[in-house]
Amino acid sequence: MKEAIQNFPKQFAWAPKIENEDLLHQYSKFVVAGMGGSSLGADLLKVWNPLLDLVIHRDYGLPEIAEADLSRTLVIASSYSGNTEETLSAMETATEFGLAVAVVAAGGKLLAKAKELGLPYVELPADGIQPRMATGFSIKAILALLGMDEALKEIAAVAKLNTKPSEVAGKKLAEKLVGKVPVIYTSRVNMPVAYNWKIKFNETAKIPAFANRFPELNHNEMTGFDCAPKAKPIAENFHFIFLRDSEDHPRIGKRMAVTAKLYRDRGFGVEEIEMTGGNVWEKIFSSTLLADWTAFYLAEAYGADPENVPMVEELKKLIS
């Protein structure tokens, strides 16, 4: 896992190749069907361009698509392993109804089916990493299928990111989080980044973690930490991470500052982390790299395996 984090920026030097590209047409709407780490890249596309008409589908089958939109919608089935049953279900449903389908996978049944049916596909490098660590490959493959050539040029800058500063900062943050349940807060636009943090804590550190966004949390969740003395033991193990962005609405920045003060006044640990970078891509992935290192060093502190997810594999066997 440590090597995977260190090498993560190199994924952005990879050039995705679309097979059967001539079958792709012009589309204005997109559905990315993927689960777990295989959908994280699509999530982050919404941070880069909130106007992008893209739905991330984490379920069997497909979401509801208006009849008028069927011909202008591209369904992208994304699964790093290529064997995710929900994603296979989405691809089968899309082909059954004659929708345009493309595939992103490193192998497995999904890639085999794409080749069999002659569908457009991008084969990801099979680097033996966990899907959550293949976000660079995934997002570049999806950008290629979306025809976003300029974005592919811009995102290449992430390949130059230095992972050492985030490793040092992640190790320090992990020390503060030992024995705590992380809760990651951010703005609506950056919620996919906060969700990435949550996933890394869950899968790498093997601990509970939660994420929410401003301003909605000020209208409900916040009050759950204004505990009566008898309820204090329930909440005292939570530790809050605020992901701040200078591009956020000024009122969101104000809400973050005030909420952080209110939490500190009530005895909770709060970390305020500024998202920085030369462009939006560097800002996104600098933050997710910090999450990776923090989760890695938490796993080390707890004696947990940071790589594998045995409970997921156990579930798959039990439902097969």
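The preceding data block contains the structure.
A quick note: this is a predicted structure, and the numbers were derived from the prediction, not measured.

Draft legend 1. Local environment of the environment of Leu262. Tracing the backbone shows Leu262 in helix 10 (residues 250-265). By relative accessible area, which is 32% here, Leu262 ends up partly exposed. As for Leu262 and Ala102, which are separated by 160 residues in sequence, their C-alpha atoms are 48 Å apart.

Draft legend 2. Geometry of helix 11 (residues 280-302). Between its terminal C-alpha atoms helix 11 stretches 33 Å, which fits the 33 Å expected from 23 residues at 1.5 Å a residue. Positive backbone phi, at 75 degrees, marks Gly303, one or two positions downstream of helix 11.

Draft legend 3. Representation of unusual backbone geometry. Here the amide bond leading from Phe214 into Pro215 is cis, since omega sits at 0 degrees, within 30 degrees of zero. A positive phi angle, near 60 degrees, is found at Asn20, a position not held by glycine. If you check the backbone angles, Lys206 has positive phi at about 60 degrees while not being a glycine. Mapping Lys206 onto the fold places it in the loop between helix 8 (191-203) and strand 8 (210-214).

Draft legend 4. Geometry of a nonpolar patch on the surface. A cluster of nonpolar residues, Tyr60, Leu315, Leu318 and Ile319, forms a patch on the protein surface that exposes about 440 Å² of accessible area. Structurally, Ile319 can be placed in helix 12 (residues 310-319).

Draft legend 5. View of the sheet that holds strand 8. Overall, parallel pairing links the four strands, which are arranged 8-7-9-10 in an open sheet. One side of each edge strand has no neighbouring strand; the edge strands of this open sheet are strand 8 and strand 10 (269-274). In this sheet, adjacent strand axes meet at a mean angle of 25 degrees when their direction is disregarded. Note that strand 7 (residues 181-187) and strand 9 (residues 238-244) share five bridges and pair parallel. For Ile184, the partnering residue across the bridge sits in strand 9 and is Ile241. In the packing of helix 10 onto the sheet, the strands contacted are strand 7, strand 8, strand 9 and strand 10, and the crossing angle to strand 9 comes to about 160 degrees.

Draft legend 6. A look at the sheet that holds strand 3 (residues 54-57). Across the sheet, six strands lie side by side as 1-6-5-4-2-3; this open sheet has mixed pairing. Two strands lie at the open edges of the sheet, namely strand 1 (18-19) and strand 3, each paired on one side alone. When strand 1 meets strand 6 (residues 121-123), the two strands line up antiparallel, connected through two bridges. From the neighbouring strand, Ile18 faces strand 6, where its bridge partner is Val122. Packing of helix 2 (residues 40-48) onto the sheet brings it into contact with strand 2 (29-33) and strand 3, and relative to strand 3 it is tilted by some 150 degrees.

Draft legend 7. A look at helix 4 (residues 108-117). Taken together, the buried positions of helix 4 are Leu110, Leu111 and Ala114. Viewed end-on, helix 4 has its buried residues packed into an arc of 95 degrees, placing them on one side of the element. Looking at helix 4, the residues exposed on the side facing more than 90 degrees away from the buried face are Lys109 and Glu116. Residues of helix 4 that are buried in the fold lie against strand 4 (73-79), helix 3 (85-96), strand 5 (100-105) and strand 6. Just downstream of helix 4, Gly118 is the residue with a positive phi angle, here 70 degrees.

Draft legend 8. Geometry of the nonpolar core. In terms of nonpolar packing, the biggest core is built from 69 residues, with Trp197, Phe201, Trp281 and Phe285 touching the most fellow members. If one sorts the elements of this core by residue count, helix 11 sits on top with eleven residues. Those residues within four positions of Trp281 in sequence are excluded, and the remaining contacts are Leu45, Trp48, Ile139, Leu143, Ala151, Glu154, Ile155 and Val158. Formed by 18 residues, the second largest nonpolar core is a distinct cluster that contains Ala77, Ala94, Val101 and Ala105.

Draft legend 9. Seen up close, the side chain of Gln130. Tracing the sequence through the fold places Gln130 in the loop between strand 6 and helix 5 (135-146). In this structure the side chain of Gln130 is engaged in a polar contact, spanning 3.3 Å, whose partner is the backbone oxygen of Glu307. Contact partners of Gln130, with chain neighbours within four places excluded, come to Glu307, Asn308 and Val309.

Draft legend 10. The packing of helix 2 against helix 5, seen in detail. For the pair helix 2 and helix 5, the least separation of the axes is 8 Å and the interaxial angle reads 65 degrees. The way helix 2 lies across helix 5 gives a crossing that is right-handed. Along the contact surface, helix 2 presents Leu40, Gly41, Ala42, Leu44, Leu45 and Trp48, while helix 5 presents Thr135, Ser138, Ile139, Ile142, Leu143 and Leu146.

Draft legend 11. Region of interest: the pairing of strand 7. Here strand 7 lies mainly inside the structure; seven of its seven residues are buried. In this structure, strand 7 lies alongside strand 8, joined through five bridges in parallel fashion. When the bridges of strand 8 are listed, Ile184 appears paired with Ala211. Handedness of the strand 7-helix 8-strand 8 crossover: right-handed.

Criteria and cut-off values
- Residues numbered from 1 in each chain as written.
- Predicted model: local features only at pLDDT ≥ 70, side-chain atom pairs only at ≥ 80, totals over all residues.
- Heavy atoms only, no water.
- Helix = DSSP H or I, 4+ residues; strand = E, 2+ residues; numbered from the N terminus.
- Buried < 20%, exposed > 50% of the residue type's maximum accessible area, 1.4 Å probe, protein only.
- Expected span 1.5 Å × (residues − 1).
- Patch = residues over 30% accessible without salt bridge, like charges linked within 9 Å, V, L, I, M, F, W, Y side chains within 5 Å.
- Areas by Shrake-Rupley, 256 points an atom, 1.4 Å probe, with all protein chains shown as cover.
- Salt bridge = Lys/Arg side-chain N within 4 Å of Asp/Glu carboxyl O.
- Pairing = 2+ DSSP bridges.
- Axes fitted to C-alpha atoms, helices over the stretch in contact; angles between N-to-C directions.
- Contact = heavy atoms within 4.5 Å.
- Arc of directions from axis to C-beta.
- Core = buried A, V, L, I, M, F, W, Y, C linked by side-chain atoms within 4.5 Å.
- Polar contact = N/O pair within 3.5 Å; in protein donor to acceptor, adjacent residues only side chain to side chain.
- Left-handed = near helix turned anticlockwise from the far one by under 90°.
- Right-handed = clockwise from strand over helix to strand, strands pointing away.

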